[in-house]
Amino acid sequence: QVHLVESGGGLVQAGGSLRLSCAASGSIFSANLMTWYRQAPGKQRELVASVTRFGSTNYVDSVKGRFTISRDNAKNTVYLQMNSLKPEDTALYYCRISLPPGYDYWGQGTQVTVSS
């Protein structure tokens, strides 16, 4: 069992930055994939960014060039650096870890609110 705890959310003005952290209770070294999702009120959950075990990254088009996902295996943490934030980025942000041989764990989420 792996527990994930997200932090770093908050209220920020449009154009500002936040860095989200997702700390795992165990080693993430073997994690095949670590992913950030978000869900805004009344909308479906959306994949925001992911990073593989080998460091390959993927982003939803709406955040490309603004958000950066990274992982620190030594700290068992994955980060989401969010720059040039927009009101439409307002959502509850979750992280997910995929461990072999097919286990998925989710955090509780951290709220990001961007004011115009």
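The structure we're discussing is the one just above.
Conventions used here
One numbering rule holds for all chains: residues counted from 1, following each sequence as written. Note on the predicted model: pLDDT of at least 70 is required for a residue's local features to be given, and 80 or more for side-chain atom pairs to be given and counted; whole-chain, interface and lining totals, by contrast, use all residues. In computing side-chain properties, one takes all heavy atoms of the structure into account and sets aside hydrogens as well as water. Any two strands are treated as partners once DSSP identifies two or more bridges connecting them. Secondary structure elements are defined from DSSP: runs of H or I of at least 4 residues count as helices, runs of E of at least 2 residues count as strands, and each element is numbered from the N terminus. Exposed residues in this analysis have more than 50% of their type's maximum accessible area, buried residues have under 20%, and partly exposed residues fall in between, with area computed by a 1.4 Å probe over protein chains only. Residues are treated as being in contact if the distance between any of their heavy atoms lies within 4.5 Å.

**Q** Explain the pairing of strand S10 (residues 103–106) to me, and be specific about the residues and the numbers.
**A** Summarising the sheet, strand S9 (residues 91–99) and S10 pair through four bridges and their orientation is antiparallel. Pairing of Arg-96 across the sheet is with Trp-106, part of S10. In this antiparallel pair of consecutive strands, S9 and S10, the connection spans three residues, and Gly-102 shows a positive phi of 125°.

**Q** Just give me the short version of the environment of Ser-21, but keep the residues and values in it.
**A** Mapped onto the elements, Ser-21 comes out in strand S3 (residues 18–24). According to the relative accessible area criterion, Ser-21 is buried, its value standing at 16%. The spatial distance from the C-alpha of Ser-21 to the C-alpha of Tyr-79 is 4.6 Å, given a sequence separation of 58 residues. Residue contacts for Ser-21: discarding those within four places in its chain leaves Val-5, Glu-6, Ser-7, Trp-36, Thr-77, Val-78 and Tyr-79.

Fair warning: the whole summary comes from geometry, so function is off the table for now.
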